[in-house]
Amino acid sequence: MNSIESIVDEIKAYDGPPLRFMEICGTHTYSILKYGIGDILPPNISLVSGPGCPVCVTPAGFVDYAAQLSLRKNSVLCTFGDMVRVPGHTTSLAKARASGGAVQIMYAPMDVIGWAENAPGMTFYIAAVGFETTLPIYALLLKEITVRKLRNIRFLTAMKALLPALYWICEKEPRMSGFIGPGHVSTIIGTAAYEPLRRKYGVPLAVAGFGFEHILAAIYDLMTQCRLGTHAVKNLYPNAVSHEGNAQANALIAEYFIKKPSLWRGLGQLDASGYFLAPSYEGFDAGDWMENTAAPEPSGCLCGSVIIGRASPPECALFGSACTPQEPVGPCMVSGEGACGIWYRSGAAKKEHL
């Protein structure tokens, strides 16, 4: 087995054709900047961020619809904290709350059960955003709601399936040489889920953990595969990720959710890319937010391009000036997994790599 030092030396010595790797997960973006991995790479290997931040890929129309729900009489909009300051087309949950809307931060979706039981006259709307990692939690919540016969909880669903976004990127961004596979999502879907992608597009993928050595190993593996002309799916995170994925979690997802077309910021509408409540649970649905998406994105905002790897955060003219974590223009500056916020907090605007 190669040592970290030898891997670093081989990466630095790479002198082949230009390679462009996408890290899909926002936690990988954070680790790459935290550990200064971009400083190790030669000029002909570059890293770009991908659509792995669920808040970032959620269209502005969802935010506007959620804000409207918070302003309804006897209604409470329940959300994770990173959604509160995400701007919609016309408002945000923070602005709705300042205007009298009821916005409740949940630290875990199960929090809503106690709130709903203690206030039966109120309707609690859950802003359900996330990828496959989050879906089993919402499935268990639905199961518990059904057991307790609670009728005052509704789901506003913008949950996403990750793989359709990767297919879109392979179609639209043929310059992508390989993917650093997301560790968290892969614990649910397994590495087998990526096999059709790599067969169709001939692109290698290495699932990685989040430490310095994990990400270096993934870059080294992808570099080596590109040099050899192979395109395998490699599991470099075997202590958490299996080939077949989490069977129990996937069974829960299949019972409570179905896939339908869904809208993504930066990618548009993708077939079978959204998870929506299964027919047996449609009575818990909060309505169709996708009818609320006609307005254009904010002028000058490059979040849509950052999400798909066409731009790095500092390439946006608004980055760090008109758009900051305190006064965000786009969601990539707000979420903890958003590339712009990660770059801003790390001071990476001063760096030229990535």
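Attention in this report is confined to the structure presented alongside it. (Residues numbered from 1 in each chain as written. Predicted model: local features only at pLDDT ≥ 70, side-chain atom pairs only at ≥ 80, totals over all residues. Heavy atoms only, no water.)

Quick look at the overall build of the chain now. The helix and strand tally for the chain stands at 14 helices and eleven strands. With respect to the three principal axes, the spread of C-alpha positions in the chain is 65 × 45 × 30 Å. Relative to its full complement of 354 residues, the chain shows a buried share of 55%. Here the contacts in the chain between residues at least 6 apart in sequence split such that 76% fall between residues at least 24 apart. Here the chain displays about 14700 Å² of accessible surface, and carbon together with sulfur accounts for 52% of that area. Put simply, the chain has 28 plus and 29 minus side-chain charges, and the middle of one group is 5 Å from the middle of the other. (Helix = DSSP H or I, 4+ residues; strand = E, 2+ residues; numbered from the N terminus. Buried < 20%, exposed > 50% of the residue type's maximum accessible area, 1.4 Å probe, protein only. Contact = heavy atoms within 4.5 Å. Areas by Shrake-Rupley, 256 points an atom, 1.4 Å probe, with all protein chains shown as cover. Lys, Arg positive; Asp, Glu negative; His and termini not counted. Charge placed at Lys NZ, Arg CZ, Asp CG, Glu CD.)

Okay, the pairing of strand 2 (residues 45-49) next. Within strand 2, four of the five residues are buried, which leaves the element mostly enclosed by the surrounding structure. In the sheet, strand 1 (residues 19-23) pairs with strand 2 via five bridges, with the strands oriented parallel. Within strand 2, the residue paired with Arg-20 across the bridge is Ser-46. Between strand 1 and its parallel partner strand 2, the chain crosses via helix 2 (residues 26-34), and the hand of that crossover is right-handed. (Pairing = 2+ DSSP bridges. Right-handed = clockwise from strand over helix to strand, strands pointing away.)

Strand order across the open sheet formed by six strands is 4-3-5-6-11-10, with mixed pairing between neighbours. In this open sheet, the two strands that pair with only one neighbour each are strand 4 (103-105) and strand 10 (257-264). Pairs of neighbouring strands in the sheet enclose a mean axial angle of 30°, with direction left out of account. Across the sheet, helix 4 (residues 60-70) is in contact with strand 3 (75-79), strand 4, strand 5 (123-130) and strand 6 (153-160); its angle to strand 6 comes to roughly 170°. Helix 7 (residues 135-148) contacts strand 5, strand 6, strand 10 and strand 11 (268-277) of the sheet and is inclined by roughly 160° relative to strand 6. (Axes fitted to C-alpha atoms, helices over the stretch in contact; angles between N-to-C directions.)

Here we come to the state of the cysteines. Any covalent bond linking the sulfur atoms of two cysteines counts as a disulfide. Summed over all chains, the structure comprises one disulfide. With a sulfur-sulfur separation of 2.5 Å, Cys-53 is cross-linked through a disulfide to Cys-56. Negative torsions about the S-S bond denote left-handed disulfides, and the value of about 70° found for Cys-53 with Cys-56 makes this one right-handed. Accessibility classification places Cys-53 together with Cys-56 in one group, the buried group. The thiol of Cys-301 is unpaired, and the distance to the nearest cysteine sulfur, on Cys-303, comes to 3.7 Å. Judged by relative accessible area, Cys-301 falls into the buried class, the value being 18%. No disulfide involves Cys-303; its sulfur sits 3.4 Å from the nearest other cysteine sulfur, which is in Cys-332. (Disulfide = S-S within 2.5 Å.)

Moving on, we get to the pattern of salt bridges. By the definition in use, this model includes six salt bridges. Among the salt bridges present, the one from Glu-144 reaches Arg-148, with a minimum N-O distance of 2.7 Å. Of the two residues, Glu-144 and Arg-148 both sit in helix 7, four residues apart, roughly one turn of that helix. By relative accessible area, Glu-144 is classed as partly exposed at 26%. Look at Arg-148 and you get partly exposed, because its relative accessible area is 39%. Residue Arg-310 pairs with Glu-173 through a salt bridge whose shortest N-O separation is 2.3 Å. With Arg-310 in the loop between helix 13 (303-307) and helix 14 (339-346) and Glu-173 in the loop between helix 8 (162-172) and strand 7 (178-181), the pair connects residues that are 137 residues apart, well separated along the chain. (Salt bridge = Lys/Arg side-chain N within 4 Å of Asp/Glu carboxyl O.)

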